[in-house]
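# Descriptive analysis of the structure
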Amino acid sequence: MKRSKLILLAILLPFISFAQVANFSLTGKIGNLNKPAMAYIDYMDNGVSHEDSVALVNGSFKFMGNVSGYAYARMALDHTGEGKGKAVYTGDVIYFYFGKEQVTITSKDSLENAVFSGSKVYQEYDAYNKAIGGTIMALTKAVNADFNSGTPEQQKDSTYRSAVDQRFRKNIKNRSDKQLLFAKEHPNSYFSLVALSEAAGSPVDVAKVQPLFNALNKEYRLTDMGKELAQRIEANGITAVGKQAPLFTQNDVVGKPVSLASLRGKVVLVDFWASWCGPCRAENPNLVKQYNTYKDKGFQIISVSLDNVKERWLEAIEKDKLDWLHVSDLKGWNNEVGRLYGVRAVPASFLLDAQGKIIGNGLRGEDLNKKLAEIFN
């Protein structure tokens, strides 16, 4: 009898496992698009990144999977078969939150004009955005429209460009203030954590952010986003100029562990970058020049990549001729060293003296060059 129960259980287990796999679905109907039209999705679930793609058939597509709670997604629609990169960076793309739900996304022509139904999480997200004045993408679209409303002559004028920039910065500041207010008034909302994570910035204004963070629902503080924000708050104190740099060990391009402690005795630039970061790549020629100038005098660079695709990371190192130490765990923004140092934007850097003390923070270009000249000359 026991054996027959075991056999039955073995037969049923695959079906039980399958039933547990998909706790969400995103079903779309965008016009009547067919091959070569493709839909792409990238979503982050509690610190873990996922991606998927599907071809459209008569405008329809469906994504299914499993999430632990609130997931943040980027969905792109490639109407003409030009590839994911084109769709994500210059095409029809939307950003949204969803949960363990059966979500329907419909539109006559595009994702940008799509209507969501069946998602309580999306309704919360939409209400949150209305309360804070819109998404960053919406504000960026608005400033582009503001700039383009000027004549060609105005667009060339520095005064006109400065005025547009000031209006944009004011809108961003107003949005940040509203995010902090939202977090204060809604401690039991997941989007208060989202608001704090965005508004905290880098470096974090600890006096403003920490009390609001401590007041949040404990469930949200224990999510990956909550833990990351807690690390950022802590990093604000431990990565200040004059502090001993936090020690770390991470693998290099061939999988060999490299420790920061092993570089003691050298002046070290801990450089955070990524192959996809335009400003990082633009700064690399200067880093190459400074490294070649001072490496024989005791200067070392250890670059921590926030890439998640090894081939792109290695290709950028070779193309930019970066002949120094490189490490990464290929976890993107969840790189453990990046989180330890509170890095939420790249390029970012920390200059250490021979004893491992931080003597410069965020030095780039001429600021870095002058500091190195001061040290070695």
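Our subject is the structure that appears above.
My aim in this report is to walk through the structure given alongside it, one point at a time.

Criteria and cut-off values
Residues numbered from 1 in each chain as written. Predicted model: local features only at pLDDT ≥ 70, side-chain atom pairs only at ≥ 80, totals over all residues. Heavy atoms only, no water. Helix = DSSP H or I, 4+ residues; strand = E, 2+ residues; numbered from the N terminus. Buried < 20%, exposed > 50% of the residue type's maximum accessible area, 1.4 Å probe, protein only. Contact = heavy atoms within 4.5 Å. Areas by Shrake-Rupley, 256 points an atom, 1.4 Å probe, with all protein chains shown as cover. Lys, Arg positive; Asp, Glu negative; His and termini not counted. Charge placed at Lys NZ, Arg CZ, Asp CG, Glu CD. Axes fitted to C-alpha atoms, helices over the stretch in contact; angles between N-to-C directions. Left-handed = near helix turned anticlockwise from the far one by under 90°. Nonpolar A, V, L, I, M, F, W, Y, C, P; charged D, E, K, R; others polar. 1 Å grid on protein atoms, 1.4 Å probe; cavity = no way out; pocket = protein on both sides within 12 Å on 5 of 7 lines; lining within 4 Å. Points joined across faces, edges and corners; volume = space filled by probe spheres on them. Pairing = 2+ DSSP bridges. Patch = residues over 30% accessible without salt bridge, like charges linked within 9 Å, V, L, I, M, F, W, Y side chains within 5 Å. Salt bridge = Lys/Arg side-chain N within 4 Å of Asp/Glu carboxyl O. Disulfide = S-S within 2.5 Å. Expected span 1.5 Å × (residues − 1). Arc of directions from axis to C-beta. Polar contact = N/O pair within 3.5 Å; in protein donor to acceptor, adjacent residues only side chain to side chain. Core = buried A, V, L, I, M, F, W, Y, C linked by side-chain atoms within 4.5 Å.

### Brief notes about the overall build of the chain
Looking only at helices and strands, the chain has 14 helices and 15 strands in total. Dimensions of the chain along its principal axes, counting C-alpha atoms only, are 75 × 75 × 45 Å. By residue count, 41% of the 377 residues in the chain fall in the buried class. Residue pairs at least 24 apart in sequence account for 64% of intrachain contacts in the chain once pairs closer than 6 positions are excluded. Carbon and sulfur atoms form 54% of the exposed surface of the chain, whose accessible area is close to 20,300 Å². With 47 positive and 40 negative side-chain charges, the chain shows a spacing of 4 Å between the two charge centroids.

### Some thoughts on the packing of helix α6 (residues 158-185) against helix α7 (residues 190-200)
Packed helices, taken two at a time, are described by the angle their axes make and the gap between the axes. Running from N to C, α6 and α7 cross one another at 140 degrees; their axes reach a closest spacing of 8 Å. Two packed elements cross with a definite hand, and for α6 against α7 that hand is left-handed. Along the contact surface, α6 presents Arg 175, Ser 176, Gln 179, Leu 180, Phe 182 and Ala 183, while α7 presents Phe 191, Ser 192, Ala 195, Leu 196, Glu 198 and Ala 199. Taken together, the residues that form the contact of α6 with α7 break down as seven nonpolar, three polar and two charged.

### A closer look at the layout of surface pockets
Once rolled over the atoms, a probe with the size of a water molecule shows which space is left empty. Volume-wise, the second largest pocket comes out at about 350 Å³. Ser 202, Pro 203, Gly 342, Phe 350 and Asn 361 are, among the 20 residues lining the second largest pocket, the residues nearest its centre. Secondary structure elements with two or more residues in the lining of the second largest pocket: α10 (224-238) and β14 (348-352). Split by residue class, the lining of the second largest pocket holds ten nonpolar, eight polar and two charged.

### Description of empty space enclosed by the protein
Taken as a whole and assessed by the stated rule, the structure comprises two cavities of 30 Å³ or more. Looking at the largest cavity, its volume works out to about 100 Å³. Contributing to the lining of the largest cavity are 14 residues, with Asp 271, Glu 283, Leu 287, Pro 347 and Arg 364 lying nearest its centre. Elements supplying a minimum of two residues to the lining of the largest cavity: β11 (267-273), α11 (278-294) and β14. Each residue belonging to the lining of the largest cavity can be placed in one class, and the counts come to nine nonpolar, two polar and three charged. Empty space within the second largest cavity amounts to approximately 70 Å³. Lining the second largest cavity are Ala 245, Leu 247, Leu 260, Ala 261, Leu 263, Arg 264, Lys 266, Val 268, Leu 352, Asp 353, Ala 354 and Gly 356. A class-by-class count of the residues in the lining of the second largest cavity yields eight nonpolar, one polar and three charged.

### Quick look at the sheet that holds strand β3 (residues 48-55)
Through backbone hydrogen bonds, the strands of a sheet pair up, either in parallel or in antiparallel fashion. Reading across the sheet, the four strands line up as β3-β2-β5-β6 and stay open at both edges, with antiparallel pairing between neighbours. Strand pairing shows two members of the sheet lacking a second neighbour, β3 and β6 (92-98), which therefore form its edges. Averaged over all neighbouring strand pairs, the angle between strand axes comes to 15 degrees, with direction disregarded. As paired elements, strand β2 (residues 38-45) and β3 share eight bridges and run antiparallel to each other.

### Observations regarding a nonpolar patch on the surface
Judged by side-chain polarity, Met 44, Tyr 72, Ile 136 and Met 137 come together as a nonpolar surface patch covering roughly 310 Å² of accessible area. Inspection of the secondary structure assignment puts Met 137 in helix α4 (residues 136-148).

### Thoughts on the state of the cysteines
Within this structure, the stated rule accounts for one disulfide. Sulfur-sulfur distance for the disulfide between Cys 277 and Cys 280 comes to 2.2 Å. On the sign convention where negative means left-handed, the S-S torsion of about 75 degrees between Cys 277 and Cys 280 marks this disulfide as right-handed.

### With respect to helix α3 (residues 120-132)
With 13 residues, α3 should cover 18 Å at 1.5 Å per step; its first-to-last C-alpha distance of 19 Å lies within 8% of that length. Taken together, the buried positions of α3 are Val 121, Tyr 125, Tyr 128, Asn 129 and Ile 132. Along α3, the residues classed as buried sweep out an arc of 100 degrees about the axis, all on the same side. Turned more than 90 degrees from where α3 packs its buried face, Lys 120, Gln 123 and Lys 130 sit exposed. Residues of α3 that are buried sit in contact with β5 (71-78), β6, α6 and α7.

### Brief notes about the environment of Thr 90
Relative to the helices and strands, Thr 90 is located in helix α2 (residues 84-90). A distance of 2.8 Å separates a polar atom in the side chain of Thr 90 from the backbone oxygen of Lys 86.

### Considering the nonpolar core
In terms of nonpolar packing, the biggest core is built from 47 residues, with Leu 26, Met 75, Phe 96, Phe 98, Phe 191 and Leu 196 touching the most fellow members. When residues of this core are assigned to their parent elements, the largest contribution, eight residues, is made by α7. Setting aside its immediate chain neighbours within four residues, Leu 26 contacts Ile 41, Phe 61, Lys 62, Phe 63, Met 75, Phe 96, Phe 98 and Val 103. Core analysis: the second largest hydrophobic core is formed by 42 residues, Leu 269, Phe 350, Leu 363 and Leu 372 among them.

### Structural notes on the pattern of salt bridges
For the structure on display, the rule yields 15 salt bridges. The residue Lys 84 makes a salt bridge to Glu 51 at a minimum N-O spacing of 3.0 Å. Taken as a pair, Lys 84 in helix α2 and Glu 51 in strand β3 lie far apart in primary sequence, 33 residues in all. Assessed through its relative accessible area of 22%, Lys 84 is described here as partly exposed. Since its relative accessible area comes to 60%, Glu 51 is described here as exposed. Connected via shared salt-bridge partners are Asp 42, Glu 51, Arg 74 and Lys 84.

The analysis is restricted to geometry; functional conclusions fall outside its scope.
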